[in-house]
Amino acid sequence: MRTIDWVDGGVELVDQTLLPDKCVMLRVHTVDDLVDAVRRLAVRGAPALGVAGALGVVLSGGDPGQIARLRAARPTAVNLAWGVDRAAAHLHEGREAVLAAALRVRDDDIAACRAMGERGAGLLEGDRLRIMTVCNTGGLAAVERGTALGVVQTLHERGRLAEVLALETRPLLQGARLTTWELARMDAPHRLIADSAGPYLLAKGEVDAVLIGADRIAANGDTANKIGSYALALGAERAGVPFVVVAPESTIDENTPSGEHIEIEDRGPDEIVSIRGVRVAPEGTRALNPAFDVTPHDLISAIVTEERVIRP
Ligand SMILES: CSC[C@H]1O[C@H](OP(=O)(O)O)[C@H](O)[C@@H]1O
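Residues numbered from 1 in each chain as written. Predicted model: local features only at pLDDT ≥ 70, side-chain atom pairs only at ≥ 80, totals over all residues. Heavy atoms only, no water.

In the nomenclature of an unreviewed UniProt entry, the chain is known as Methylthioribose-1-phosphate isomerase of Nonomuraea cypriaca. Within the UniProt record for the chain, the comment given under Catalytic activity (unreviewed entry) is "5-(methylsulfanyl)-alpha-D-ribose 1-phosphate = 5-(methylsulfanyl)-D-ribulose 1-phosphate". (UniProt positions renumbered as here; feature names shortened; annotations may be inferred.)

Our next topic: unusual backbone geometry. Trans peptide bonds make up most of the peptide bonds, and negative phi angles are found at most residues other than glycine. For the bond running from Leu19 to Pro20, omega is 5°, close enough to zero to count as cis. Residue Pro171 is reached from Arg170 by a cis peptide bond, and omega for that bond is 0°. Structurally, the position occupied by Pro171 is in the loop between β5 (161–167) and α7 (174–186). Phi is positive for Cys135, close to 60°, though the residue is something other than glycine. Along the chain, Cys135 turns up in the loop between β4 (129–133) and α6 (148–157). Residues other than glycine seldom take positive phi values, yet Thr169 does so here, at roughly 70°. (Helix = DSSP H or I, 4+ residues; strand = E, 2+ residues; numbered from the N terminus.)

Looking at helix α1 (residues 31–39), one finds that the buried residues are Val31, Leu34, Val35, Ala37 and Val38. For α1, the buried positions fall inside an angular range of 160° around the axis, keeping them on one side. Elements that come into contact with the buried residues of α1 comprise β2 (10–14), β3 (25–28), α2 (46–60), α3 (64–71) and α4 (78–88). Positive backbone phi, at 60°, marks Leu41, one or two positions downstream of α1. (Buried < 20%, exposed > 50% of the residue type's maximum accessible area, 1.4 Å probe, protein only. Arc of directions from axis to C-beta. Contact = heavy atoms within 4.5 Å.)

Looking now at the pairing of β2. A large share of β2 lies buried, amounting to five of its five residues. Neither face of β2 is left uncovered, since the one carrying Gly10, Glu12 and Val14 and the one carrying Val11 and Leu13 both have all their residues buried. Here strand β1 (residues 4–7) pairs with β2 via four bridges, running antiparallel. Bridge assignment links Val7 to a residue of β2, and that residue is Gly10. Connecting the antiparallel pair β1 and β2 is a turn made up of two residues, with Asp8 showing a positive phi of about 50°. Across four bridges, the pairing between β2 and β3 is antiparallel. Bridge pairing in β3 places Val14 opposite Met25. (Pairing = 2+ DSSP bridges.)

Okay, empty space enclosed by the protein next. Space left empty within the atom packing is revealed by a probe, the size of a water molecule, rolled over the atoms. Throughout the structure, instances matching the rule amount to two cavities of 30 Å³ or more. Looking at the lining of the largest cavity, the elements that each hand over two or more residues are α2 and β9 (223–226). A per-element tally of the lining of the largest cavity places α2 first, with three residues. One number sums up the size of the second largest cavity: a volume of about 50 Å³. Pro171, Leu172, Gln174, Lys226, Ile227, Arg267, Glu271, Asn289 and Ala291 together form the lining of the second largest cavity. (1 Å grid on protein atoms, 1.4 Å probe; cavity = no way out; pocket = protein on both sides within 12 Å on 5 of 7 lines; lining within 4 Å. Points joined across faces, edges and corners; volume = space filled by probe spheres on them.)

This part is about the packing of α4 against helix α5 (residues 95–123). Close contact between α4 and α5 brings their axes to 8 Å; oriented N to C, the two are set at 140°. Classified by the angle between their axes, α4 and α5 sit oblique to one another. Contact with α4, carried on its side by Trp82, Arg86 and Ala87, involves Val98, Ala101, Arg104, Val105 and Asp108 of α5 and no other residues of that element. Grouping the amino acids of the contact of α4 with α5 by side-chain chemistry returns five nonpolar, no polar and three charged. (Axes fitted to C-alpha atoms, helices over the stretch in contact; angles between N-to-C directions. Parallel < 35°, antiparallel > 145°, perpendicular 65-115°, else oblique. Nonpolar A, V, L, I, M, F, W, Y, C, P; charged D, E, K, R; others polar.)

It is worth spelling out the site of the ligand at this point. Close to the ligand lie 18 residues; Arg44, Arg74, Asp215, Asn225 and Lys226 are nearest. With respect to the ligand, the side chain of Arg44 contributes an N or O atom lying 2.7 Å from an oxygen atom. One nitrogen or oxygen atom from the side chain of Lys226 is found 2.7 Å from an oxygen atom belonging to the ligand. Considered on its own, the ligand offers 410 Å² of accessible surface; in the complex 99% of this is hidden by protein. Because more than half of its atoms lie within 2 Å of the grid, the ligand is assigned to the largest cavity. Of all elements in the fold, only α2 and β9 reach the threshold of two or more residues within the shell around the ligand. (Near = heavy atom within 4 Å. Polar contact = N/O pair within 3.5 Å; in protein donor to acceptor, adjacent residues only side chain to side chain. Areas by Shrake-Rupley, 256 points an atom, 1.4 Å probe, with all protein chains shown as cover. Sits in = over half its atoms within 2 Å of the grid points.)

Dropping the structure here:
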């Protein structure tokens, strides 16, 4: 199954807001509909957003306003803008050239995730590894295989995975809804935990490595990722556990010097005061909802890409 692809002249994507209850493919033919899918996280995850951005340029017909709206649909993951730019660079050559470039973005991601899985599995020592993850970094965040969860998948295929401890990842529950769904499909051993249990289980010695994805990696290695990543980095540091970022080269943004320059998406209060439409806080409760945080490079043991291992 591909999370996102070009099918019959349109963008076909898994509507991730409906998982794990239903696996529904959405067919998108306009930039407006694609922007909506990005903003409501029907399609999400930095690598998948890169492919969405590139394919969206094909849908745009070159309209600058549509391209600009797509490029700005979510600010933190550099991959969205990067994907748009990779396809838009061929607009002067015509639609077929733009489509070919967009399909290269898709195919490059497929190859990159497989390479990251191998490189990451090779980096980690041990044959019965207990891995902690946050958010969702499987094929649902990319095209076929994932980034951090792609390393988990490779470890599992090689018989080196003891268990995954997956943070539920409030507020949108990418861990509870998506990571568990993917791990069950892989038949990989896993348990779901509350976000706040992560640092405690690290302190108890229950974890051999923390593997996370990334939305933007600054030039100095500071890394923006799902909210809750920084807390795991602090817990991993104190527990002496490797904290490894797994992300394609396209997530490294040399134009952003350090973490304080990364724009953190604020997704508004509704996702905090309600869970899947059920209110959990009193009417009128105000809320703060940063969708990402930044882990300083000195808390990161390694950044694994499809090409290299970087020690920030
Ligand atoms: C494979 S990187 C995926 C990355 O994107 C997620 O954010 P969102 O679900 O809001 O798109 C999260 O930060 C993951 O680490």
